[in-house]
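# Observations on chain architecture
Below, each chain spelled out in residue letters.
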Amino acid sequence: MSKLIRTGISLEQDLLERFDRMIGQKGYGNRSEAIRDLVRDHFVEQDVASNRAVVGTLTLVYDHHQPKLSEQLIDAQHNYRGKVLATTHVHLDHRNCLEVIILKGRGMEVKKFADRLLSLKGVQHGKLVLTNAGVSPSSGHEHKH
Ligand code: NI
């Protein structure tokens with residue numbers, strides 16, 4: 001972890017009051033941690049937008065009785081150009097499956113992959129969460145086939 005530098009910022013009073021309410025609701029203990037998270041979020045978004053290497057977790061809830069869906073999900077993972085680091089599957093009940101796919105790749109390819117899977121018929125719910133922690137800017141093309 002790198003050294004912490006103390007800095008001061010000026011904000012309009014109403015903006016600061018709103019910010020304090022928001023971070024209170026979210027459970028932050030202080031403004032610094034909330035501001036650090038916002039800044040980190042911004043850089044993750046920027047890394048995605050500029051197509052740098054990111055790591056993502058894609059959560060899917062789907063109906064495995066939907067014809068061909070399980071095969072489509074497996075094929076998509078085998079054909080993904082980046083790296084599928086891990087997949088966890090939970091049979092929630094008779095019908096529903098929960099799958100968490102951990103992916104690495106260029107920002108755009110991770111997003112495209114997630115959008116494709118989330119839009120498949122039978123996928124009821126899901127979300128992609130991205131981070132750039134532990135991903136060096138040059139590590140996006142290390143995969144070999
Ligand atoms: Ni299942």
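One structure accompanies this document, and this report is about it. (Residues numbered from 1 in each chain as written. Predicted model: local features only at pLDDT ≥ 70, side-chain atom pairs only at ≥ 80, totals over all residues. Heavy atoms only, no water.)

### Points about the nonpolar core
Our working rule: Throughout this description, the term nonpolar core refers to a set of buried Ala, Val, Leu, Ile, Met, Phe, Trp, Tyr and Cys residues connected via side-chain atoms within 4.5 Å. Exposure classes here rest on a 1.4 Å probe applied to the protein chains alone. A residue is buried below 20% of its type maximum, exposed above 50%, and partly exposed in between. Comment: elements are numbered from the N terminus, with helices defined as DSSP H or I runs of at least four residues and strands as E runs of at least two. Contacts are assigned to residue pairs that have any heavy atoms within 4.5 Å of one another.
One finds Leu58, Leu60, Tyr62, Leu73, Leu103, Phe113 and Leu117 to be the most contacted residues of the largest nonpolar core, which totals 18 residues. Secondary structure elements with two or more residues in this core: β1 (53-63), α3 (69-79), β3 (96-106) and α4 (107-118). The residues touching Leu103, leaving out its near neighbours within four places in the chain, are Val54, Val55, Gly56, Leu58, Tyr80, Lys83, Val84, Val110 and Phe113.

### Considering the packing of helix α1 (residues 13-26) against helix α2 (residues 31-49)
As a reminder, the rule being used: All axes are obtained by fitting lines to C-alpha atoms, using only the stretch in contact for helices, and the reported angles, taken between N-to-C directions, cover 0 to 180 degrees. To sort the angles, those under 35 degrees are grouped as roughly parallel, those over 145 as roughly antiparallel, those from 65 to 115 as roughly perpendicular, and the leftovers as oblique. Gly falls in the polar group here, along with every residue not listed as nonpolar (Ala, Val, Leu, Ile, Met, Phe, Trp, Tyr, Cys, Pro) or charged (Asp, Glu, Lys, Arg).
Where α1 meets α2, the closest approach of the two axes is 11 Å, and the angle between their N-to-C directions is 90°. Here α2 runs roughly perpendicular to α1, going by the angle between their axes. Facing α1, whose interface residues are Leu16, Phe19, Asp20 and Ile23, α2 presents Arg31, Ala34, Ile35 and Leu38. In terms of residue class, the contact of α1 with α2 is built from six nonpolar, no polar and two charged.

### Re the coordination of the nickel ion
Basically, it comes down to this: Metal donors: N, O and S atoms at distances within 2.8 Å, or within 3.2 Å for Na, K and Ca, with water omitted from the atom set so that some sites may seem incomplete.
Note on the nickel ion: its protein donors are His89 (NE2), His91 (ND1) and Cys97 (SG). The metal-donor distances range over 2.0 to 2.4 Å. Donor residues for the nickel ion, ordered by position in the chain, follow H-x1-H-x5-C. In this structure Cys97 comes out as buried when scored by relative accessible area, which is 3%.

### A word on α3
As a reminder, the rule being used: Taken from the helix axis, the directions to the C-beta atoms give the arc we talk about.
Taken together, the buried positions of α3 are Leu69, Leu73, Ala76 and Gln77. The arc that holds the buried residues of α3, viewed along the axis, is 95°, so those residues lie on one side. Within α3, the exposed residues directed more than 90 degrees away from the buried face are His78 and Asn79. Buried-residue contacts for α3 involve β1, β2 (83-91), β3, α4 and β4 (123-131).

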